[in-house]
Amino acid sequence: MPTIQTITSHTIDLTLNRAFETSKGRKTTSPSVIIQIALENGITGLGSSTPVEYVTGENTESVLSKIQKASPLLTGTDITDHSKAYETLAEALPSSPSARAGLEIAVLDAHCKLKKTPMSKLFGNKKQHIETDITIPIVSPSEAYEIARKAQSQGFKYLKLKVGKFEDFDRVEAAGKGAPGCRIRLDANQGFTPEGAIDFVNRLFIKKIDIDILEQPVDRSDIEGLRHVTKNLPIPVFADESAITSEDARRLIETDSVDGINIKLMKSGISDTMKIIEICRSTGKELMIGCMLETRISLSAAIHLACGTGAFDRIDLDAHTFTADDPYAGGFASNSHELNTIAARPGHGCFHPQNP
Ligand code: MN
């Protein structure tokens, strides 16, 4: 029987190829937990969890301890139908979405290998290509100009800029001038007040900078403020940190507080992500998919989910452009802004080169 026999996990610390700064701080490495599920029949599933404490309250220690907690409950589970394992995880780890995501990815990888199916096919096989934006973290305006110019020459059509302070204006303007053919997505990571966010974007309009969306302008708990910004700007306003669970997403949409939701596997896991997709589809809200500075394993799972469901108009899956020493390979192919799952192996397709 294809039952789960063992679950092992260990941490790795990915080096970033440049410091990554947002309104929440500066990072030069990104720690993740790698999870391996072995089935009784010899198949293994690979998962990865990249917790970001200010987003979900989790860190690598808590993720490791949640994996320890869930392991005995998952052991012996038949994954011919993976939903049983998902239910166990939803019950055991209701408030640990990053830990759950890593385990769900490993379970789904094993399930797909059992079925000899790429994950994208399991998710619906809607698309084989998607186009990602590229993120410009908090850098000097002249650096932003250069990064933007290069991104445009590589074919990127969307830039995502981290903002959140009044003085970020010059950087956005510089990026806009460096890449006049690109549209700009702004991500404030909760940095603005409602009026500050509206002002910031309106001043960019005056400079004729082409803004696509504004993401998480205000504090995650300030739903009233989020609604105010959404109502007073002509561009779509998206929730990121305010939307962790499908219940959060439902509440934001019912109160008319956002135009769209930016989903991340590390915020919601796979099963709750599928619920958020359903909620947004049924209410006509927009969907974006993003990532943390995560490993190729979970990034591949997200790319397969985005391709398979075809549910996302906006894609921000660019972690691989920031990590320097990811030990894993495969999963997807990329050509600057274009990501595809065409040559996918079963599962998310990611593997360790020493253990192909
Ligand atoms: Mn964000």
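Values in this document were obtained by computation on a predicted structure and should not be read as measured data.

How each quantity is defined
Residues numbered from 1 in each chain as written. Predicted model: local features only at pLDDT ≥ 70, side-chain atom pairs only at ≥ 80, totals over all residues. Heavy atoms only, no water. Helix = DSSP H or I, 4+ residues; strand = E, 2+ residues; numbered from the N terminus. Rg over C-alpha atoms; globule rule 2.2 N^0.38 Å. Buried < 20%, exposed > 50% of the residue type's maximum accessible area, 1.4 Å probe, protein only. Contact = heavy atoms within 4.5 Å. Areas by Shrake-Rupley, 256 points an atom, 1.4 Å probe, with all protein chains shown as cover. Lys, Arg positive; Asp, Glu negative; His and termini not counted. Charge placed at Lys NZ, Arg CZ, Asp CG, Glu CD. Pairing = 2+ DSSP bridges. Axes fitted to C-alpha atoms, helices over the stretch in contact; angles between N-to-C directions. 1 Å grid on protein atoms, 1.4 Å probe; cavity = no way out; pocket = protein on both sides within 12 Å on 5 of 7 lines; lining within 4 Å. Points joined across faces, edges and corners; volume = space filled by probe spheres on them. Nonpolar A, V, L, I, M, F, W, Y, C, P; charged D, E, K, R; others polar. Salt bridge = Lys/Arg side-chain N within 4 Å of Asp/Glu carboxyl O. Donors = N, O, S within 2.8 Å, 3.2 Å for Na, K, Ca; no water. Phe/Tyr/Trp six-rings, centres within 6.5 Å; stacked < 30°, edge-to-face > 60°. Lys NZ or Arg CZ within 6 Å of the ring centre and 35° of its normal. Expected span 1.5 Å × (residues − 1).

**Looking at the overall build of the protein**
- Regarding its fold elements, the protein presents twelve helices and 16 strands.
- Relative to the globule expectation of 21 Å for 356 residues, the C-alpha radius of gyration of the protein, 20 Å, shows essentially globular dimensions.
- When the backbone C-alpha atoms are referred to their principal axes, the protein occupies close to 65 × 40 × 35 Å.
- Relative to its 356 residues, the protein shows a buried fraction of 58%.
- Partitioning the contacts of the protein with sequence separation of at least 6, the portion at a separation of at least 24 is 73%.
- Of the roughly 13900 Å² that the protein leaves accessible, carbon and sulfur atoms contribute 49%.
- The centroid of the 40 positive side-chain charges in the protein is displaced by 3 Å from the centroid of its 46 negative side-chain charges.

**Thoughts on the sheet that holds strand β14 (residues 333-335)**
- Ordered by their spatial adjacency, three strands build an open sheet running β4-β15-β14, and the pairing between neighbours is antiparallel. Only two strands of the sheet have a single neighbouring strand rather than two, namely β4 (129-131) and β14. Adjacent strand axes in the sheet meet at a mean angle of 25°, parallel and antiparallel pairs treated alike.
- Alignment of β4 against strand β15 (residues 338-340), held across three bridges, turns out to be antiparallel. Counted as the bridge partner of Glu131 is Glu338 from β15.

**Description of the layout of surface pockets**
- Of the volumes computed, that of the largest pocket is approximately 400 Å³.
- Phe20, Thr22, Tyr54, Lys162 and Met292 are, among the 25 residues lining the largest pocket, the residues nearest its centre.
- Secondary-structure elements contributing two or more residues to the lining of the largest pocket are β1 (4-22), β2 (25-39), α1 (53-56) and β6 (158-162).
- The biggest single contributor to the lining of the largest pocket is β2, with three residues.
- Across the lining of the largest pocket, the residue classes tally to nine nonpolar, four polar and twelve charged.

**A few points about the pattern of salt bridges**
- Summed over all chains, the structure comprises 24 salt bridges.
- The residue Asp187 makes a salt bridge to Lys160 at a minimum N-O spacing of 3.4 Å. On the criterion of sequence distance, the pair formed by Asp187 in strand β7 (residues 183-187) and Lys160 in strand β6 is long-range, its members being 27 residues apart. This pair shows no difference in class: Asp187 is buried, exactly as Lys160 is.
- Of the charged contacts in the structure, one is a salt bridge between Asp240 and Lys267, with a shortest N-O distance of 2.7 Å. Of the two residues, Asp240 is situated in the loop between β9 (237-239) and α10 (246-254) and Lys267 in helix α11 (residues 265-283); the sequence distance between them amounts to 27 residues. By the burial criterion, Asp240 is buried, and Lys267 matches it.
- Each of Asp133, Arg183, Arg185, Asp210, Asp212, Glu286 and Arg314 takes part in salt bridges that share partners, so that together they form one network.

**Description of the coordination of the manganese ion**
- Within the protein, the atoms that donate to the manganese ion are Asp187 (OD), Glu215 (OE) and Asp240 (OD), at distances of 2.1 to 2.3 Å.
- Written as a sequence motif, the donor residues of the manganese ion are D-x27-E-x24-D. Here the residue Asp187 occupies a position in strand β7, and Asp240 occupies one in the loop between β9 and α10, the gap between them amounting to 53 residues.
- Note on Asp187: relative accessible area 0%, which makes it buried.

**Considering the packing of aromatic side chains**
- Under the criterion given, the structure shown has three aromatic pairs.
- Ring geometry for Phe192 against Phe200: centres 4.9 Å apart, planes inclined by 45°, an arrangement best described as tilted.
- Accessibility expressed as a relative area gives 9% for Phe192, which makes it buried.
- Ring-pair connections join several aromatic residues into one group, and the members of that group are Phe169, Phe192 and Phe200.
- For Arg203, the ring lying beneath its charged end belongs to Phe169, and the centroid distance is 4.1 Å.
- The ring of Phe332 has Arg296 lying over it, and the distance from NZ or CZ to the ring centre is 4.0 Å.

**A word on α11**
- For α11, with 19 residues, the first-to-last C-alpha span of 21 Å runs short of the 27 Å given by 1.5 Å per residue.
- For α11, the full list of buried residues reads Leu265, Met266, Lys267, Ser268, Gly269, Ile270, Asp272, Thr273, Ile276, Ile277, Ile279 and Cys280.
- Of the residues flanking the end of α11, it is Gly284, one or two places downstream, whose phi is positive at about 70°.

**So, the sheet that holds β7**
- Strand order in the open sheet formed by eight strands is β5-β6-β7-β8-β9-β10-β11-β12, with parallel pairing between adjacent strands. In this open sheet, the two strands that pair with only one neighbour each are β5 (134-136) and β12 (314-315).
- The sheet contact formed by β5 and β6 spans three bridges and is parallel. Looking at β6, one finds that Thr135 is bridged to Lys160.
- Helix α8 (residues 194-206) contacts β7 and β8 (211-215) of the sheet and is inclined by roughly 170° relative to β8.

The analysis is restricted to geometry; functional conclusions fall outside its scope.
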